[in-house]
Amino acid sequence: MAHDEPSKSAPQTKLVIRNIGLLLSGDLTNPILDADTVVAVGDRIAAVGKEKDVDTSGATSSIDAKGTALAPGLIDSHVHPVCGDWTPRQNQLGWIDSYLHGGVTTMVSAGEVHTPGRPKDVVGLKAMAIFAQRAFHAFRPGGVKIYAGAPVLEHGMVEDDFKELAAAGVKILGEVGLGSVKDGKTAHQMVSWARKYGIQSTIHTGGPSIPGSSLIDKDMVLETDADVIGHVNGGHTALPDDQITALCERSTRALEIVHNGNERAGLLALRTAMELKQLDRVILGTDSPAGSGVQPLGIIRMISLLSSLGGIPAEVAICLATGNTAKMRKLDCGLIAPGREASFVLMDKAQHSAGKNILDSIQKGDLPGIGMVIIDGAISVQRSRNTPPATAVPEVVT
């Protein structure tokens, strides 16, 4: 799902970030790297290591991290965009830019379902999906990448519709169950057509989200076999515990835990995945904008929740919102490694946190303070206006 690369004729930039106190890789198998320097050329990571071992010459930009932590830019696996940086759900402007101040550099649409007058006929839904894919590909508030154009399934769709959508650049479906298709047999057939043409699918899980939507229970989730079990902890209303456990045990698909769901159910899903030794299936989203509003700090709040109450190390919780999601969503961000997208969040423990350091503070339930966000090798924001103030913040040297 890569966005187009910058023009080859554009001047090549070289960013050097040195004096990193903690390098969080996003990789569940090796979440902390023994490195203090990252070099990015253009929009890609060129080198990661000790400063003495990497080529830092010819930098066009240089940042002193001041001993703060560097992690991949966070990914929100479940958003509902509509038009630009406005949401009709709470009639709010600037919500995407506000999430950027929460460390989110990438968003994945679960359907533009809040669009006023959303067309439900096949021609209209395809047109809207293609429009949204094109619009959000071109429009990036603060540099945030929004993978949108996610049509919901409606009766009357046939295989050629999915072929046409794929040919037009559509790569994701909106939540199965938010349209008129609400039976497992029909949904499975359509999800199979989508998968055939490279379109990834997500299914709504749990009780109705708003009046007019429906319950999607474990039987329909299992029969449909979508690529991502959307908000396995409900959005907002969760399934019974035994159904959540069954989804974890009987499916091999991604388990998405969201901010705007049932927190206790989210912790149950996390614990079950851990017991199954399948933590690599867990990804994080906000499921917003929604009736409960927008959550600019939703992803770092989930990291803190799962670490402090779910019993996983903070550096592992960060992997759920970065490398895990990137792998499941087939994105080239989310990992600190040469060749990957040069999008980072630099953060430190919040001022006066009881934690000894940033990881300890997260494990104690505090939110970190964000000092800088970088997307595609360029600084998007410096000190966050939304997080608690960080104890130390990076400094732009050149």
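Preceding block: the structure.
Within each chain, residues carry numbers counting from 1 in the order of the written sequence. Only residues with pLDDT of at least 70 get local features here, since the model is predicted, and only at 80 or more are side-chain atom pairs given and counted; chain-wide, interface and lining totals rely on the full set of residues. Based on all heavy atoms of the structure, the side-chain values leave hydrogens and waters out of the count.

1. So, the packing of aromatic side chains
Condition: Paired rings are identified among Phe, Tyr and Trp, the last through its six-membered ring, by centres lying within 6.5 Å, and are further divided according to the angle between planes into stacked (under 30 degrees), edge-to-face (over 60) and tilted (the rest). Going along the chain from the N terminus, every DSSP run of H or I of four or more residues is numbered as a helix, and every run of E of two or more is numbered as a strand. Partly exposed describes any residue whose relative accessible area lies between the buried limit of under 20% and the exposed limit of over 50%, with all areas from a 1.4 Å probe on protein chains only and scaled to the type maximum.
Here the structure, examined in full by the defined rule, presents two aromatic pairs. Look at Trp95 and Tyr99: their rings are 5.3 Å apart centre to centre, the planes differ by 85 degrees, and that puts the pair in the edge-to-face class. In this pair, Trp95 and Tyr99 are both assigned in helix α1 (residues 95-100), four residues apart and thus about one turn of the helix distant. Residue Trp95 is classed as buried on the basis of its relative accessible area, which comes to 0%.

2. Observations regarding the packing of helix α6 (residues 241-250) against helix α7 (residues 263-275)
Quick reminder of the rule: An axis is simply a line fitted to the C-alpha atoms; with a helix, the fit covers only the stretch in contact. Between two such axes, the angle follows the N-to-C directions and lies from 0 to 180 degrees. Handedness of a crossing follows from how the near helix is turned relative to the far one, being left-handed for an anticlockwise turn of less than a right angle and right-handed for a clockwise one. Whether two residues are in contact is decided by their heavy atoms: any pair within 4.5 Å suffices. Each residue gets one label: Ala, Val, Leu, Ile, Met, Phe, Trp, Tyr, Cys and Pro are nonpolar, Asp, Glu, Lys and Arg are charged, and the others, such as Gly, are polar.
Running from N to C, α6 and α7 cross one another at 35 degrees; their axes reach a closest spacing of 10 Å. Two packed elements cross with a definite hand, and for α6 against α7 that hand is right-handed. Across from Asp241, Ile244, Thr245 and Cys248 in α6, the residues of α7 making contact are Arg264, Ala265, Leu268, Ala269 and Thr272. Along the lines of polarity and charge, the residues of the contact of α6 with α7 split into five nonpolar, two polar and two charged.

3. Structural notes on the pairing of strand β17 (residues 344-348)
Short version of the rule: Here, a strand pair is defined by DSSP locating no fewer than two bridges between the strands.
Of all five residues making up β17, five are buried, and the element is well covered by its neighbours. In β17, alternate side chains face the same way, and those of Phe344, Leu346 and Asp348 on one face and Val345 and Met347 on the other are all buried. With four bridges joining them, strand β7 (residues 69-72) and β17 adopt antiparallel strand pairing. Opposite Pro72, over in β17, you have Phe344 as the bridge partner.

4. Side note on the sheet that holds strand β4 (residues 37-41)
Read from one edge of the open sheet, five strands run β5-β4-β1-β6-β20, paired in mixed fashion. Looking at which strands have only one partner, the edges of the open sheet turn out to be β5 (44-49) and β20 (395-396). When β4 meets β5, the two strands line up antiparallel, connected through five bridges. Each residue of the ladder has a partner; that of Val41, found in β5, is Arg44.

5. Quick look at the layout of surface pockets
Put simply, the test is: A pocket, in this scheme, is an open set of points on a 1 Å grid over the protein atoms alone with protein on both sides within 12 Å along at least 5 of 7 lines, while a cavity is a set where a 1.4 Å probe fits but cannot get out; residues line either one if an atom lies within 4 Å of a point. Grid points are joined across faces, edges and corners, and a volume is the space filled by probe spheres set on the points.
Taken as a whole, the second largest pocket spans an internal volume of roughly 410 Å³. Class assignment of the residues belonging to the lining of the second largest pocket gives a composition of seven nonpolar, 13 polar and seven charged.

6. What to know about the pattern of salt bridges
The line we're drawing: We define a salt bridge as a contact between a side-chain nitrogen of Lys or Arg and a carboxyl oxygen of Asp or Glu at a distance within 4 Å.
Considering all chains together, one arrives at 24 salt bridges under this definition. Between Asp376 and Lys145 there is a salt bridge; the shortest N-O distance is 3.0 Å. Here Lys145 lies in strand β12 (residues 145-147) and Asp376 lies in the loop between β18 (369-375) and β19 (378-381), a separation of 231 residues in the sequence. Taken individually, Asp376 and Lys145 each receive the classification buried, so the pair is uniform in this respect. With a shortest N-O distance of 2.8 Å, Arg264 and Asp241 are connected by a salt bridge. Placement of Arg264 in helix α7 and of Asp241 in helix α6 is noted, with a sequence separation of 23 residues between them. On the basis of relative accessibility, which here comes to 32%, the residue Asp241 falls in the partly exposed class.

7. Considering the nonpolar core
What counts, and what does not: We define the nonpolar core as a collection of buried residues of types Ala, Val, Leu, Ile, Met, Phe, Trp, Tyr and Cys that are connected through side-chain atoms lying within 4.5 Å of one another.
Counting residues in each nonpolar core, the largest one holds 80 residues, and the members touching the most others are Met107, Leu284, Ile303 and Leu306. Sequence-distant contacts of Leu284, that is, excluding residues within four places in its chain, are made with Ile75, Asp76, Ser77, Ile257, Ile299, Met302, Ile303, Leu306, Ala317, Leu320, Ala321 and Thr325. Counting 17 residues, the second largest nonpolar core, distinct from the first, contains Ile20, Ala35, Ile45 and Ile336.

8. A word on the pairing of strand β6 (residues 61-64)
Looking at chain direction, strand β1 (residues 14-18) and β6 are connected through four bridges and run parallel. Its bridge partner lying in β6, Arg18 is registered against Asp64. Note that β6 and β20 share two bridges and pair antiparallel. Its bridge partner being in β20, Ile63 is matched across the sheet by Val396.

9. Points about the sheet that holds strand β2 (residues 22-24)
One open sheet accounts for six strands, arranged β3-β2-β7-β17-β18-β19; its pairing is mixed. Of all the strands in the sheet, just β3 (32-33) and β19 have a single pairing partner and so form its edges. For β2 and β7, the ladder comprises two bridges, and the chain directions are parallel. From the neighbouring strand, Leu23 faces β7, where its bridge partner is Leu70.

10. As for helix α2 (residues 122-138)
Spelled out, the test is: Each residue after the first adds 1.5 Å to the expected span of a helix.
Here α2 spans 25 Å end to end across 17 residues, near enough to the 24 Å set by a 1.5 Å rise per residue. On its buried side, α2 packs onto α1, β12 and α3 (159-167).

11. Points about the side chain of His204
What counts, and what does not: Here a polar contact is taken to be a pair of N or O atoms separated by no more than 3.5 Å, where protein atoms must pair a possible hydrogen donor with a possible acceptor and residues adjacent in sequence count only if both atoms sit in side chains.
Counting through the fold element by element, His204 comes out in the loop between β13 (202-203) and α5 (218-224). Separated by 3.2 Å, the side chains of His204 and Glu175 make a polar contact. Looking at His204, its side chain comes within polar contact range of the side chain of His231, at 3.2 Å. With residues up to four places along the chain from it excluded, the contact list for His204 reads Glu175, Val176, Leu178, Ser209, Ser214, Ile216, Val221, Gly230, His231 and Gly235.

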